[in-house]
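# Close look at the chain arrangement
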Amino acid sequence: MKLTNKGFAITSIIYSMLVLFLALLLLIMGNLANRKVLFDKEKSDILSKINPTSAPFCILEGDKDGSGTISIGDQYVCNPGDGNKTFYVLEAGDNISLIMSENIDGETFNEGSEADAALLEKTKGWTDSRINSITHPTLQQLENQFDSYGRVPAWLYGHYFTSTEEETGSGRYRWEGNYIDYISSVGIRPVIVVSKSDIPTPTPFCILEDGDAYAVGSIYSCNPGDGYKTFYVLETGDNISLIMSENIDNELLTADSINDGAEVDEALLEKTAGWTDSRISSIALPTTEQLTGYDANERGPNELLYSWLEGYYYTLDNESLGGGRWRVEGNYLDYFSSAGIRPVITVSKSDI
């Protein structure tokens, strides 16, 4: 009997120790798991600071008004989760509403409920966490784009549903071409809403430094693609021609015949290879008419129109008797001296 009691006592001690050991083991494992969670979070936070997002949500394609701010009509390429698509800014504020540039596909619907179900189905791959919502455009969002003449921008043209019901119960309002109706069978053109912080701010192409906007002789700081440089307005209108304030570098070239002008043209291309901004419609040498008001081959050498055009650089025009390219030599035109490259860029007035 004593042995039995002793055996029970030993067994109880062993079981107690085992339970204590298991409890201690679970406690250690739980603590380790908790520490791993904390470590992973800290690691994620550090990595997010080093590399906040592996890929930008949107890339700017077109700054509509050249303002350097996010504004209605700006064009972006965004990846909502299943590949890049083009969007336009529909509303701008702390949150940015972007409407897809076209219907998501060619399918059309008659009922609003069908359109709502289709919107969910067609955007189920739009899983980027930076998207706050995916909807149809509202009637108000579209009406806000009408100008004083009742016109809307071309980028809103199309045939697609809105999320707004017609007041008399006739159905869902829809966009039909460039006006509002609620009859036709139309498609799906999604609108996404994201935080302003997730949209890159446009970089202004030019900043007015001195003078009146668009006026000949006004000074702008412009970034053609490889950094800001100073330009003067050379010609104004719907398109603006700007001449660089000085030669692009110190190299002087000699082109004593019409054929040698090719060397000058090649140098222009090479020296402006980094001028890749899509808002530039042309990069050229100035013409003699731009510089003096006359074609030099018709009137002969002339003094320059403005003092800020003085320098030593080539023009686009060849001297008609085979003397080579006309060039600026100080404050007048001639065709003897070595000269450099002073580029002229042309951009739309809306980008200045």
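Residues numbered from 1 in each chain as written. Predicted model: local features only at pLDDT ≥ 70, side-chain atom pairs only at ≥ 80, totals over all residues. Heavy atoms only, no water.

### Some thoughts on the overall build of the protein
When you go through the protein residue by residue, the secondary structure sums to six helices and 18 strands. Looking at the protein as a whole, 39% of its 352 residues are labelled buried. In the protein, once contacts between residues fewer than 6 apart in sequence are set aside, the share between residues at least 24 apart is 56%. Carbon and sulfur atoms make up 53% of the accessible area of the protein, which amounts to about 19,300 Å² in all. (Helix = DSSP H or I, 4+ residues; strand = E, 2+ residues; numbered from the N terminus. Buried < 20%, exposed > 50% of the residue type's maximum accessible area, 1.4 Å probe, protein only. Contact = heavy atoms within 4.5 Å. Areas by Shrake-Rupley, 256 points an atom, 1.4 Å probe, with all protein chains shown as cover.)

### Notes on the pattern of salt bridges
If you walk through the whole model with that rule in mind, you get 13 salt bridges. Between Asp105 and Lys122 there is a salt bridge, with the nearest N and O atoms lying 2.6 Å from each other. Taken together, the residues span a long stretch of sequence, with Asp105 in the loop between β4 (95–100) and α2 (112–122) and Lys122 in helix α2 at a distance of 17 residues. What makes Asp105 partly exposed here is its relative accessible area of 32%. The salt bridge partner of Asp147 is Arg151, with a shortest N-O separation of 3.0 Å. (Salt bridge = Lys/Arg side-chain N within 4 Å of Asp/Glu carboxyl O.)

### Concerning the sheet that holds strand β7 (residues 172–177)
Here we have three strands laid out as an open sheet, ordered β6-β7-β8, and antiparallel in their pairing. Of all strands in the sheet, those bounded by a partner on one side alone are β6 (158–165) and β8 (179–181). Adjacent strand axes in the sheet meet at a mean angle of 30 degrees when their direction is disregarded. (Pairing = 2+ DSSP bridges. Axes fitted to C-alpha atoms, helices over the stretch in contact; angles between N-to-C directions.)

### Here's the deal with the sheet that holds strand β16 (residues 324–330)
Read across the sheet, three strands follow the order β15-β16-β17 without closing on themselves; strand pairing throughout is antiparallel. In this open sheet, the two edge strands, each paired with only one partner strand, are β15 (311–319) and β17 (332–334). Adjacent strand axes in the sheet meet at a mean angle of 30 degrees when their direction is disregarded. Across six bridges, the pairing between β15 and β16 is antiparallel. By the bridge assignment for β16, Asn318 is matched with Arg325.

Keep in mind these numbers describe shape, not what the thing actually does.
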